[in-house]
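Observations on the three-dimensional arrangement
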Amino acid sequence: MIASSPELAKALRNIVGHEHVLTENDLTTGYSVDWTGRFVGSTPIVVRPGNTEQTASVVKLLNKYAIPLVPQGGNTGLVGGSIPMSGEVLLSLKRLNTVEPVDGLALQLTVGAGATLAETQEHVRNHNFEIGVDLAARDSCTIGGMIATNAGGINVLRYGAMREQLIGVEAVMSDGTVIKHLEGLEKDNTGYHLPSLLAGSEGTLAVITKARLRLRPRLQEKVTALIAFESVHDAVEVATRLRQQLPSLHALEAIFSSAMSLVSSHIGTQVPIGPNGNAWLLVEVASGTDPFEEFQQALENCDDVIVDVAVAIDDRSRGKLWRFREQITEAIAVIGTPHKLDITIGLARLEKFINEIPEVVKHADPNSSTYLFGHLGDGNVHVNVLGKDGGEPSNVVESAVLSYVASLGGSISAEHGIGTAKKSYLHLNRTSDEIRFFRNIKKALDPNNIMHPNCLLSD
Ligand code: FAD
Ligand code: MLT
Ligand code: ZN
């Protein structure tokens, strides 16, 4: 049975209902283009199961005929991992969006893989809790997609990435078996930890259908500051001091000059401080009691290098400062189709990297423009590159940047994953032995190679 056959569509309709199997081109194309517009694929069938049992039956059927599938959540991924690039069946998990009652005793929540981050946040905030991971795509990205990519975002320096939020998962394995471990025991050393394996597996090992997440106390008292610097050196220096001195540090983000000019014109707001600066930090502290004094003291200790600071306490003013950071991705998308390189560098080499990378890119493509921003507290820099007139830059840019990152001992993927975009560069960070063991794991869990076969590992 081939993926485009009417018999397959009929069999899938018997499982999920007529309206949840899409075959018409105009209905399937939206599922086949990524958020940036860079990755455009196609699929003969989009199937949208409504619960775990239906998901299991769909996967079992596809496995029987060795038909490959691509799981998709909110389709906000930035490495081409959510797109059927080789005509795979598209398995949309968005209908698995049940959010169960908050377990205030265990400080945990069981949530369907298709629930968006924003829905989940709203639900737990009503009980004075937070989800430990937060990111700008919150209105669309799903809990399942966030686990599959081990998403990072703005609070990793406090709570860790998605893997650290995970107590248990329910998942459909490649033969349709459902594996479920949602009891929520904090200590449970009974063998391999499947949630850790699935976090970051990018849909290549199993389909995540539910997750048991840790909840964090909601910290009501927040102060946010935008801080301007003359040089990258000063920004990195202050980032280090704040990490050492501020127990309430909640986010430590950076914006460098070309990204700041771009976002400021995109949101139609002048940079409130240090308009001619070269680097800005957006710093947020959060606590159960007012963290203002502690923050003020830490900033005073950095007086020697800070050019100017804007401080915001109420939600509205804080939101205005956050726009300078959170709208950068959209500002770049409006101009064109960037190549998004998402890297981490050890803090000791971060300044060198940030200062040198624009030259590395220019050398690879003289007509390109580079925008740098990211989660500086984690050493995570987003290198976004546009080519001439907003077009895609030369592919040489990707290999030049990623090879340079690897030469400095950094990672070619800090938080977005490998997807289809970076699989040919995996060898820069992983030895051939490691990749061989990755393949062994994949083969053991997915012998027919139906689970997103074109993602993460190259042929
Ligand atoms: P999708 O894009 O649908 O899929 C991503 C990957 O997960 C694919 O490989 C897919 O096959 C797999 N997958 C999806 N659902 C499942 C499932 N249920 N089971 C198994 N596999 C599955 N990322 C960050 O880490 N930090 C950020 O700060 C950040 N900011 C962003 C800001 C913007 C404006 C945008 C557009 C994106 C941002 N991202 C960020 C990237 C993206 O939002 C995250 O990678 C997110 O986790 C993807 O979730 P999703 O539901 O959209 O997944
Ligand atoms: C961010 O931190 O804003 C993102 O990960 C998105 C991006 O890289 O564009
Ligand atoms: Zn990011």
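Counting buried positions along strand 5 (residues 108–112) gives 5 out of 5 residues, so the element sits mostly inside the fold. Both faces of strand 5 are covered, namely the face carrying Q108, T110 and G112 and the face carrying L109 and V111. Where strand 5 meets strand 9 (residues 207–214), 5 bridges bridge the pair, whose relative direction is antiparallel. Each residue of the ladder has a partner; that of Q108, found in strand 9, is R214.

With that out of the way, let us pick up the packing of aromatic side chains. Per the stated rule, a full pass over the model turns up 1 aromatic pair. One cation-aromatic arrangement involves R436 over F437; the distance from NZ or CZ to the ring centre is 5.0 Å.

Moving on to the sheet that holds strand 1 (residues 21–22). One open sheet accounts for 4 strands, arranged 1-2-4-3; its pairing is mixed. The open sheet has two edge strands with one neighbour each: strand 1 and strand 3 (69–72). Sheet topology places strand 2 (residues 46–47) next to strand 4 (residues 89–92); 2 bridges connect them, and they run parallel. Across the sheet, V47 pairs through a bridge with L91, a residue of strand 4. Together, strand 2, strand 3 and strand 4 form the strand contacts of helix 3 (residues 52–64), whose direction differs from that of strand 4 by roughly 165 degrees.

What the 7 strands build is an open sheet, ordered 14-11-13-12-16-17-15; its pairing is antiparallel. In this open sheet, the two edge strands, each paired with only one partner strand, are strand 14 (308–312) and strand 15 (339–344). Strand-to-strand twist in this sheet, taken as the mean axis angle between neighbours without regard to direction, amounts to 15 degrees. Bridge analysis of strand 15 against strand 17 (residues 380–386) gives 6 bridges, and the strand direction is antiparallel. Directly across from K340, in strand 17, lies its bridge partner N384.

What surrounds ligand 1 is a group of 36 residues, the closest being P71, G73, T76, G77 and T142. One of the backbone nitrogen or oxygen atoms of N75 is found 2.9 Å away from an oxygen atom of ligand 1. Here an oxygen atom of ligand 1 sits 2.9 Å away from a polar atom, N or O, in the main chain of G152. Isolated, ligand 1 exposes 970 Å² of accessible area, and the fraction of that covered by the protein chains is 96%. Elements supplying a minimum of two residues to the shell around ligand 1: strand 3, helix 5 (143–149) and strand 9. Considering every element that reaches the shell around ligand 1, the biggest residue donor is helix 5, with 5 residues.

What follows concerns the domain arrangement of the protein. Structurally, the protein comprises domain 1 (6–92), domain 2 (108–217), domain 3 (221–328) and domain 4 (336–417). Computed from C-alpha atoms alone, the centre-to-centre distance between domain 1 and domain 4 is 32 Å. The interface is formed by 5 residues belonging to domain 1 together with 8 residues belonging to domain 4. In this assembly, domain 1 packs against domain 4 so that about 620 Å² is buried in total across both faces, 60% of it on carbon and sulfur atoms. Three residues stand out in domain 1 for area buried against domain 4, namely R38, L78 and V79, and they jointly supply 80% of the buried area on that side.

Let's shift gears to the packing of helix 1 (residues 6–16) against helix 3. Contact geometry of helix 1 with helix 3 gives a least axis separation of 9 Å together with a crossing angle of 160 degrees. Looking at the two axes, helix 1 sits roughly antiparallel to helix 3. In the packing of helix 1 onto helix 3, the handedness of the crossing is right-handed. Two secondary-structure elements touch here, helix 1 through L8, A11, L12, I15 and V16 and helix 3 through Q54, S57, V58, L61 and L62. Among the residues forming the contact of helix 1 with helix 3, the class breakdown is 8 nonpolar, 2 polar and no charged.

About the cut-offs
- Residues numbered from 1 in each chain as written.
- Chains lettered and ligands numbered in written order.
- Predicted model: local features only at pLDDT ≥ 70, side-chain atom pairs only at ≥ 80, totals over all residues.
- Heavy atoms only, no water.
- Buried < 20%, exposed > 50% of the residue type's maximum accessible area, 1.4 Å probe, protein only.
- Helix = DSSP H or I, 4+ residues; strand = E, 2+ residues; numbered from the N terminus.
- Pairing = 2+ DSSP bridges.
- Phe/Tyr/Trp six-rings, centres within 6.5 Å; stacked < 30°, edge-to-face > 60°.
- Lys NZ or Arg CZ within 6 Å of the ring centre and 35° of its normal.
- Contact = heavy atoms within 4.5 Å.
- Axes fitted to C-alpha atoms, helices over the stretch in contact; angles between N-to-C directions.
- Near = heavy atom within 4 Å.
- Polar contact = N/O pair within 3.5 Å; in protein donor to acceptor, adjacent residues only side chain to side chain.
- Areas by Shrake-Rupley, 256 points an atom, 1.4 Å probe, with all protein chains shown as cover.
- Domains from an automatic or database assignment.
- Buried area = accessible area lost by both parts, 1.4 Å probe.
- Parallel < 35°, antiparallel > 145°, perpendicular 65-115°, else oblique.
- Left-handed = near helix turned anticlockwise from the far one by under 90°.
- Nonpolar A, V, L, I, M, F, W, Y, C, P; charged D, E, K, R; others polar.

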